[in-house]
Structure formats: structure tokens, C-alpha cells
Amino acid sequence: MSETPISPHELAANESAANESSSSGDTYEIAIVGGGPAGLVATRYCLHAHLSTALVAPELGGKVGYPFVIRGMEPVDSVWGAQVVHECETAVARSPELKHIREQAAHLAHLPDGRFQVHLAGGSSIRARAVIVATGASAQRLYVAGEKEYWGRGVSFSAVSHAHFFKDRAVAVVGGSQRTLVATLELADIARHVYLILARPQAMQELPAAPLLRRQRNVTPFVGWEVQQIYGDDFVSGIGLVGSNGETRQLAVDGVFIQFGLLPNNELVRDLLELDEEGHIPIDHRCQTRIPGLFAAGDVTNIQSEQVLVAVGEGAKAALSAWQYLVTQH
Ligand SMILES: Cc1cc2nc3c(=O)[nH]c(=O)nc-3n(C[C@H](O)[C@H](O)[C@H](O)COP(=O)(O)OP(=O)(O)OC[C@H]3O[C@@H](n4cnc5c(N)ncnc54)[C@H](O)[C@@H]3O)c2cc1C
């Protein structure tokens, strides 16, 4: 990746960071922010490399437990890669070499000497020659009755994770982006019938996947309709809709996929990096951002496949790239 010159805005931010730095604490070779799959695996690799490592993470584990069940199916919590993450969690928690800072990182500054300063929520800060941001992403909720109650019992936020359970069943997909339509196409190949609920009518004109959807015989779009509630008994059995003209409908479904996408936890780097249109940190194939020494891994980046195993691999890759960076910088 080519190095882009630092802008006057960044220089000003750097100078103010340098002024603040009189209150800085310890210096590490590498700081990792976030204790989910990507951050834990990155930390383990950095410890293997005997780098002086700080992990800034209020808790360890991230998002790896998703018990899921639908009618007529045994409950499963078969997240591929969860075992690796738990193993890393134990190893990291026991490591005497690691500085585990059980705090939220509040801000990241790039200092004029090329190092980084991680400001912690409690008011102190640390410095590091390299940083891996692995802060993950949060699911965007629908905030309707039944959503929370049936989460994991028919309600899913991840078509890639749960679509395969819905073979020959009826499902609803709710959202409004290209990702919503792609999830609908993925489900249409597996499920018996897919109801697509799009509140924003323009979506069917603007989004590139829309023409493909119109050709799917087992997809019924409800354009200009909103979900009012998700209902059922022990499991989801249907959704209630309201149209733009006030008309209401009920659809019998076994599953509801809430596909608004994930919101990247990007607060730390918003004034350091240009993010993509969905707020992800752009990285290259080595998990390197535009700023030398600043790496990122997992759901917060633009890798696009939010899965535990992908985050595990990206965390390993970020750590190996950071190690290489550190040994080649003097
Ligand atoms: C509802 C849902 C269901 C899913 N189901 C599956 C599934 O079945 N199978 C599968 O493989 N994947 C599934 N995924 C995706 C999977 O959970 C993620 O891809 C994976 O956890 C990403 O790992 P990560 O380390 O990038 O982020 P996370 O797991 O999100 O970990 C990031 C960590 O960083 C912390 N953090 C955030 N900001 C800061 C900060 N400023 N300072 C310090 N710490 C911070 C967070 O609190 C969190 O602990 C699902 C995701 C969702 C939302």
C-alpha cells in the first residue's frame, strides 16, 4: 500500500496529541484494541513473537456464542472457530507477559514520531509503536415487539450464519440495503419462500441486486411496508406488517432475518482514517491501514465476511504483518 502524505488536519491532530502526551503512561511495541476473536488471536501471535504487548479490552471473548433453535430442530451453538477463540482467551488471560488493560479505548492519536497514543476511558493513556484495531461491529436492531424475545429462536441477524437451518421453510428478511437483497437471494436458494420487507420503496429501483430478485419465483417483496411485531409461541411463527396506507398484514414464517447490517465500532479512528461508505476501516491484504504501523482486523474492517473464523484468520494476519513492520522499522 502506498503511503499517503499526512494532511494538515492530521498534523494538527498529531501536534495536539503530542502536547497531551506529557500525561502518557507506558510504551509498548504493540497495542491491540478489542478482545474479540480478532483481537485475542492477534494478541496470542504477538505474545508468541515476544513483543511487549498491551491488550486494551474491558472483557475477553467478543461475539462468539449464538445458541440458535427453530421449531422441530435440536438447539445448536455450532459457531465454527469458537473453540479456538476460547482457547486463546484462556491463554491470553493467563499470560504473565501481557499487559491487559481492562478499559475501553477512547481515542487513538498518531504522534509526529510515528508512534501511537491510545487514550483510555479512565483518563490515562499508553503509547505503542504499532496498533491493531479489532473493535468489531454491532448488529443494527429493528426495535419492534418480539425481536428481543425471539432472538435465537427464529430471529437472526446473520443470514450467512443461519440460512442453512431454513431449508424448505418460510422466512422474512427485513432491511433496506444491497446486503439485505443479497441475504434474500442467499435465502431464496434454500428456503421454500422468502418475504422481503423493504420500508424504503426506492431500494427496489436503486440497488444492483434488485433485478435478480424480481426473477426469483419464491420471493415476495413487500415494498413500502414495515414490521410492527414478531410473534410466536416458543418459536417465531409470524410477523405483523403495516403498509404505508395503514393496511395491516400477517405472514406465517419460521424465521425473521434482520439484515440492516452491522455497525462498525470505528469511533477510535474516525479522525485518523477515511472510512468506507458503511463505516468500515479500509485495509489491504496485509491488514495494513493507510497509516504505517496502524493495522486493523475483523468485523471493524472492510473484509465483508462477518464470521468468527474469518476474524480469527484476520487477527493472525494483522499480528504477523505488525511484527514484520516492527522488525523492519528503526
Ligand atoms: C447476531 C450475530 C450472530 C452471529 N452469528 C455468527 C455465527 O453463527 N457464526 C459465526 O461465525 N459468526 C457469527 N457472527 C459474526 C461474529 O460474531 C463476528 O464475525 C466476530 O465476532 C468478529 O470478531 P471481532 O473480533 O472482529 O469482533 P467482536 O467479536 O465484535 O469483538 C470486538 C470486541 O471489541 C470490543 N470493543 C469495541 N470497542 C472497543 C473499544 N473502544 N475499546 C476496547 N474494546 C472495544 C467489543 O466490546 C468486543 O468485545 C454473528 C454476529 C452477530 C452480530
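### Examining the overall build of the protein chain
Okay, so step 1: Broken down by element type, the protein chain carries 8 helices and 17 strands.
Okay, so step 2: Against the globule reference of 20 Å for 330 residues, the protein chain gives a C-alpha radius of gyration of 22 Å, in line with a compact fold.
Okay, so step 3: The dimensions of the protein chain, computed from C-alpha atoms along their principal axes, are 65 × 45 × 35 Å.
Okay, so step 4: The buried share of the protein chain, taken over its 330 residues, is 42%.
Okay, so step 5: In the protein chain, the share of contacts with a sequence separation of at least 24, taken over all contacts with a separation of at least 6, comes to 65%.

### Considerations on the domain arrangement of the protein chain
Okay, so step 1: Segmentation of the protein chain into domains returns domain 1 (8-138 + 262-328) and domain 2 (141-259).
Okay, so step 2: Here the C-alpha centroids of domain 1 and domain 2 sit 33 Å apart.
Okay, so step 3: The class makeup of the residues in the side of domain 1 that touches domain 2 is 6 nonpolar, 1 polar and 1 charged.

### Structural notes on the pairing of strand β1 (residues 27-33)
Okay, so step 1: Counting buried positions along β1 gives 5 out of 7 residues, so the element sits mostly inside the fold.
Okay, so step 2: Bridge analysis of β1 against strand β6 (residues 125-133) gives 6 bridges, and the strand direction is parallel. Following the sheet pairing, I32 is matched in β6 by I132.
Okay, so step 3: As paired strands, β1 and strand β2 (residues 53-56) are joined by 4 bridges and run parallel to one another.

### A few points about helix α5 (residues 178-188)
Okay, so step 1: Every buried residue belonging to α5 is among T180, L181, A183, T184, L187 and A188, and all of these are buried. Along the axis of α5, the buried positions cluster into a sector of 160 degrees, meaning they face one direction only.
Okay, so step 2: Elements in contact with the buried residues of α5: α4 (159-162), β9 (170-175), β10 (193-198), α7 (210-214), β11 (219-223) and β15 (255-259).

### Description of the confidence of the model for the protein chain
Okay, so step 1: Taken over all residues, the pLDDT of the protein chain has a mean of 89, while the share at 70 or more is 92%.
Okay, so step 2: In the model, residues 1-23 has pLDDT below 50 throughout and makes 21 contacts with residues more than four positions away in sequence or in other chains.

### Thoughts on the site of the ligand
Okay, so step 1: Around the ligand, the structure places 37 residues, and the nearest of them are G34, G36, G62, G136 and G298.
Okay, so step 2: Counting the residues that make up the shell around the ligand, at least three belong to each of domain 1 (8-138 + 262-328) and domain 2 (141-259).

### A short note on the sheet that holds β11
Okay, so step 1: Taken in spatial order, the 5 strands of this open sheet run β8-β15-β9-β10-β11, and their pairing is parallel. Each end of this open sheet is capped by a strand with a single partner; those strands are β8 (155-156) and β11.
Okay, so step 2: Sheet topology places β9 next to β15; 5 bridges connect them, and they run parallel. When the bridges of β15 are listed, A172 appears paired with V256.
Okay, so step 3: Across the sheet, α5 touches β9, β10, β11 and β15, and the angle it forms with β9 is around 170 degrees.

### Quick look at the packing of helix α2 (residues 37-48) against helix α8 (residues 308-328)
Okay, so step 1: For the pair α2 and α8, interaxial distance at closest approach is 7 Å and the crossing angle is 35 degrees. You can see that α2 and α8 cross each other, and the crossing is right-handed. Between α2 and α8, the residues in contact are P37, A38, G39, L40, V41, A42, Y45 and C46 and V308, A311, V312, E314, G315, A316, A318, A319 and L320, respectively.
Okay, so step 2: Of the residues in the contact of α2 with α8, the class split is 14 nonpolar, 2 polar and 1 charged.

Cut-off values and rules
Residues numbered from 1 in each chain as written. Predicted model: local features only at pLDDT ≥ 70, side-chain atom pairs only at ≥ 80, totals over all residues. Helix = DSSP H or I, 4+ residues; strand = E, 2+ residues; numbered from the N terminus. Rg over C-alpha atoms; globule rule 2.2 N^0.38 Å. Buried ≥ 20, exposed ≤ 12 C-beta atoms within 10 Å, placed from the backbone. Contact = placed C-beta atoms within 7 Å. Domains from an automatic or database assignment. Nonpolar A, V, L, I, M, F, W, Y, C, P; charged D, E, K, R; others polar. Pairing = 2+ DSSP bridges. Arc of directions from axis to C-beta. pLDDT = per-residue confidence, 0-100. Near = placed C-beta within 6 Å. Axes fitted to C-alpha atoms, helices over the stretch in contact; angles between N-to-C directions. Left-handed = near helix turned anticlockwise from the far one by under 90°.

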